[in-house]
Amino acid sequence: DSRLTVDDLIAWLMRFDEQITRQAERLTELDSAIGDADHGTNMARGTAAVRSRLSAARPDDAGALLKSCGMALVSTVGGASGSLYGTLFLEMARRVGAASELDRTVFAAAFRSGVAGVVARGRAELGDKTMVDALQPTVDVLDTAAADGVPLADALRSAADAAAAGRDATIPLVARKGRASYLGDRSADHLDPGATSAAILVQALADSLAE
Ligand code: ADP
Ligand code: MG
Ligand code: MG
């Protein structure tokens, strides 16, 4: 099927928490090389808060769910990534409104709005060695797939691959935004932590829908 229900979105965010929790140590390790060694703990705190919110009360519609997730992330993640991930979800929420199901076109448009929000807030462009390097390719794949009528599960698999490729492409880059940019050329030859967590976000959706 090519629609995401509220339950699909909940399954996505629960899996995101699972994966972040599992990989938190590694995310923090990546951040210790070019940042301040807190990205894994920041994200794990945030996704745990999302999990407990969603477990306490099931939101009525997709907008309410995405908004609740965004608020939880903003108030618990902290750091640069907290407001950026928060913005991603709050902008998605704004775009979908009170819809109870999202078809592939609406989801692609919502994700595009979310990433546009991240870019507007953080001012990072593709190639600046940030989460945008994983998020922007995801947007492009989802848009093309929606226009071509590709089933959502297939589109998300391709999107997850594109996000992973964008993540890996950050390795040789010199950071131009965030803490890693303070290192100048010494930021090269390291994977960006935020691009890594963003690839996990997209992979979690692809995986949760494949089940
Ligand atoms: P902090 O750097 O404040 O400790 P985190 O360690 O949680 O925050 O997150 C770092 C990640 O945030 C980076 O790896 C990068 O991907 C992302 N990031 C930092 N600044 C920006 C920005 N201006 N735009 C997009 N992403 C950013
Ligand atoms: Mg950090
Ligand atoms: Mg920090």
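Residues numbered from 1 in each chain as written. Chains lettered and ligands numbered in written order. Predicted model: local features only at pLDDT ≥ 70, side-chain atom pairs only at ≥ 80, totals over all residues.

Help me understand the overall build of the protein in this model?
Per the secondary structure count, the protein includes eight helices and two strands. Overall, the protein shows an N-to-C arrangement of helices and strands of β-α-α-α-α-β-α-α-α-α. Scaling as 2.2 N^0.38, a compact globule of 211 residues should have a C-alpha radius of gyration of about 17 Å, and the protein matches this with 16 Å. Here the protein holds 211 residues, and 53% of them are scored as buried. Looking at the protein alone, contacts between residues at least 24 apart form 67% of all its contacts between residues at least 6 apart. (Helix = DSSP H or I, 4+ residues; strand = E, 2+ residues; numbered from the N terminus. Rg over C-alpha atoms; globule rule 2.2 N^0.38 Å. Buried ≥ 20, exposed ≤ 12 C-beta atoms within 10 Å, placed from the backbone. Contact = placed C-beta atoms within 7 Å.)

Help me out: how do you make sense of the nonpolar core in this one?
Soluble, globular proteins show a tendency: their nonpolar side chains are buried together. In this structure, F89, L142, A159, A198 and V202 are the most contacted members of the largest nonpolar core, which totals 63 residues. Mapped onto this core, the elements with two or more residues apiece are helix 1 (6-34), helix 2 (39-56), helix 3 (62-76), helix 4 (79-96), helix 5 (104-122), helix 6 (132-147), helix 7 (152-168) and helix 8 (193-210). Considering each element in turn, this core owes the most residues, 10 residues, to helix 8. Apart from residues lying up to four places away in sequence, A198 is in contact with M131, A134, L135 and A163. (Core = buried A, V, L, I, M, F, W, Y, C linked by C-beta atoms within 7 Å.)

Sorry if this is basic, but what is going on with the site of ligand 1 here?
In the vicinity of ligand 1 lie 23 residues, with G79, G122, T130, G178 and G194 positioned nearest. Elements with a contribution of two residues or more to the shell around ligand 1: helix 2, helix 4 and helix 8. When residues in the shell around ligand 1 are grouped by element, the largest group, four residues, is from helix 4. Here the shell around ligand 1 is composed, by residue class, of seven nonpolar, nine polar and seven charged. (Near = placed C-beta within 6 Å. Nonpolar A, V, L, I, M, F, W, Y, C, P; charged D, E, K, R; others polar.)

Would you mind going over helix 5 with me for this structure?
Within an α-helix, residues lying three or four positions from one another point in the same direction, as the helix has 3.6 residues per turn. Compared with an ideal rise of 1.5 Å per residue, which puts 19 residues at 27 Å, helix 5 spans 27 Å between its outermost C-alpha atoms and is within 8% of the ideal. Among the residues of helix 5, those classed as buried are R104, F107, A108, A110, F111, R112, G114, V115, G117, V118 and G122. Buried residues in helix 5 make contact with strand 1 (3-5), helix 4, strand 2 (101-103), helix 6 and helix 7. One or two residues past the end of helix 5 sits R123, with phi positive at roughly 60 degrees. (Expected span 1.5 Å × (residues − 1).)

Could you clarify how one ought to interpret helix 6 in this entry?
Look at helix 6: 22 Å from first C-alpha to last across 16 residues, which is about the 22 Å you get at 1.5 Å a residue. Burial analysis of helix 6 places 12 of its 16 residues in the buried class, which makes it a mostly covered element. Along helix 6, the residues that are buried comprise V132, D133, A134, L135, Q136, P137, T138, V139, V141, L142, A145 and A146. Contacts made by the buried residues of helix 6 are with helix 5, helix 7 and helix 8. Phi for G149, located one or two positions after helix 6, is positive at around 75 degrees.

Where do I start with the environment of W12 in this structure?
Residue placement: W12 occurs in helix 1. Taking the C-alpha atoms as reference, W12 lies 8.3 Å from L201; in sequence the two are 189 residues apart.

What is the right way to read the UniProt feature "domain: DhaL" (unreviewed entry) in the protein from this model?
In the numbering used here, UniProt assigns the feature "domain: DhaL" (unreviewed entry) to residues 7-207. Between the end C-alpha atoms of residues 7-207 the distance is 14 Å, and the span holds 73% helix and 1% strand. (UniProt positions renumbered as here; feature names shortened; annotations may be inferred.)

Please clarify how the environment of R176 should be interpreted in this entry.
Residue placement: R176 occurs in the loop between helix 7 and helix 8. With 16 C-beta atoms packed within 10 Å, R176 lands in the partly exposed category. When the C-alpha positions of R176 and T130 are compared, they lie 8.4 Å apart, and in sequence the two are 46 residues distant. Residues within four places of R176 in sequence aside, it is in contact with D128, K129 and S181.

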